[in-house]
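Per-entry structural report
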Amino acid sequence: MRKTAMIIYFAGSIRGGRNFQSVYQEIISLLQNYGLVLTEHIGRSDLNAAGEADISDNEIYQRDISWIKQADLIVAEVSNPSLGVGYELGLAESLGKNIICLYNQKSEFILSAMISGNNKFKVKTYQNINELQIVFKKIFDEIS
Ligand code: 6K6
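What you see is a predicted model; the values in this text were computed from it and never measured.

Side note on the site of the ligand
The ligand sits among 22 residues. The nearest are Tyr9, Ile14, Arg15, Ser82 and Glu88. Contacts to the ligand include Arg15, whose backbone N or O atom sits 2.8 Å from an oxygen atom. Glu88 has a polar side-chain atom sitting 2.6 Å from an oxygen atom of the ligand. Taken by itself the ligand offers 590 Å² of open surface, and the protein chains cover 90% of this. Broken down by secondary-structure element, the contributors of at least two residues to the shell around the ligand are β1 (6-11), α2 (57-70) and α3 (83-94). Looking at the shell around the ligand element by element, the count peaks at four residues for α3. When grouped by side-chain class, the residues that make up the shell around the ligand number ten nonpolar, seven polar and five charged.

Now the structure itself:
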């Protein structure tokens, strides 16, 4: 049994497109039952490509890299292709992090083979948020 809260980095598309923003919000709420989610802002409806105006791109980059290093687990919603999410996944893999990728069956995009073909990533396809509740329960039972 873990003594400290699990630190979770949630990754989801921002400049790649915000089609799944409301799903990100629901996923983040579920994840908050299991630990501290560092990137709660990814689900915000007011975060668009213009984003957080009070912070520069370099500050975002530095902050996100440092959070990935701190995280025990990376959960990436990959239904909407995003350069940033792809970069974060590559970095997290090189740091030996636990990585879960979530792909919504309703996505208009076919998942990149660089994600679906990587055995280091646990890729879970889902149709609705209720399915993810079951997926998370199983995964967190395994890793805690
Ligand atoms: C400020 C100015 C314009 O946009 C912003 C706010 N942007 C971001 N804020 C926080 N995290 C970001 C931001 N842009 C990218 N990221 C990180 O990359 C997040 O952790 C996401 O998982 C990922 C999204 O990448 P893109 O390429 O879809 O933006």
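Considerations on the packing of α2 against α3
At a minimum axis distance of 10 Å, the contact between α2 and α3 shows a crossing angle of 40 degrees. Judged by the inter-axis angle, α2 sits oblique to α3. Both α2 and α3 take part in a crossing whose hand is right-handed. Here Tyr61, Asp64, Ile65 and Ile68 of α2 lie close against α3, whose contacting residues are Tyr87, Glu88, Leu91 and Ala92.

Digging into α2
Taking 1.5 Å as the rise per residue, α2 with 14 residues should run 20 Å; its terminal C-alpha atoms sit 20 Å apart, in good agreement. Along α2, the residues classified as buried are Asp64, Ile65, Trp67 and Ile68. Each buried residue of α2 lies within a common arc of 165 degrees when the element is viewed along its axis, so the set occupies one face. Residues of α2 that are buried in the fold lie against β1, β3 (73-77) and α3.

A short note on the packing of aromatic side chains
Applying the stated criterion across every chain yields a total of four aromatic pairs. With 6.2 Å between their ring centres and 70 degrees between their planes, Phe136 and Phe140 make a pair best called edge-to-face. Note that Phe136 and Phe140 are positioned in helix α5 (residues 129-143) at a spacing of four residues, about one turn of the helix. Ring-pair connections join several aromatic residues into one group, and the members of that group are Tyr34, Phe136 and Phe140.

Examining the environment of Asp46
Position of Asp46 relative to the elements: it lies in the loop between β2 (35-37) and α2. With a relative accessible area of 52%, Asp46 lands in the exposed category. Residues Asp46 and Gln21, spaced 25 residues apart in sequence, show a C-alpha to C-alpha distance of 9.8 Å. Within polar-contact distance, the side chain of Asp46 engages the side chain of Arg44 at 2.9 Å.

Considering the side chain of Asp64
Assignment of secondary structure puts Asp64 in helix α2. When its relative accessible area of 13% is taken as the criterion, Asp64 is described as buried. If near-sequence neighbours (up to four positions away) are discounted, Asp64 is found in contact with Tyr9 and Glu88.

What to know about the pattern of salt bridges
Summed over the entire model, instances satisfying the criterion amount to six salt bridges. Asp64 is the salt-bridge partner of Arg63, the closest N and O atoms lying 3.4 Å from each other. Between Glu142 and Lys138 there is a salt bridge whose closest N-O contact spans 3.6 Å. With a gap of four residues between them, Glu142 and Lys138 both fall in helix α5, about one helical turn apart.

Rules behind the numbers
- Residues numbered from 1 in each chain as written.
- Predicted model: local features only at pLDDT ≥ 70, side-chain atom pairs only at ≥ 80, totals over all residues.
- Heavy atoms only, no water.
- Near = heavy atom within 4 Å.
- Polar contact = N/O pair within 3.5 Å; in protein donor to acceptor, adjacent residues only side chain to side chain.
- Areas by Shrake-Rupley, 256 points an atom, 1.4 Å probe, with all protein chains shown as cover.
- Helix = DSSP H or I, 4+ residues; strand = E, 2+ residues; numbered from the N terminus.
- Nonpolar A, V, L, I, M, F, W, Y, C, P; charged D, E, K, R; others polar.
- Axes fitted to C-alpha atoms, helices over the stretch in contact; angles between N-to-C directions.
- Parallel < 35°, antiparallel > 145°, perpendicular 65-115°, else oblique.
- Left-handed = near helix turned anticlockwise from the far one by under 90°.
- Contact = heavy atoms within 4.5 Å.
- Expected span 1.5 Å × (residues − 1).
- Buried < 20%, exposed > 50% of the residue type's maximum accessible area, 1.4 Å probe, protein only.
- Arc of directions from axis to C-beta.
- Phe/Tyr/Trp six-rings, centres within 6.5 Å; stacked < 30°, edge-to-face > 60°.
- Salt bridge = Lys/Arg side-chain N within 4 Å of Asp/Glu carboxyl O.

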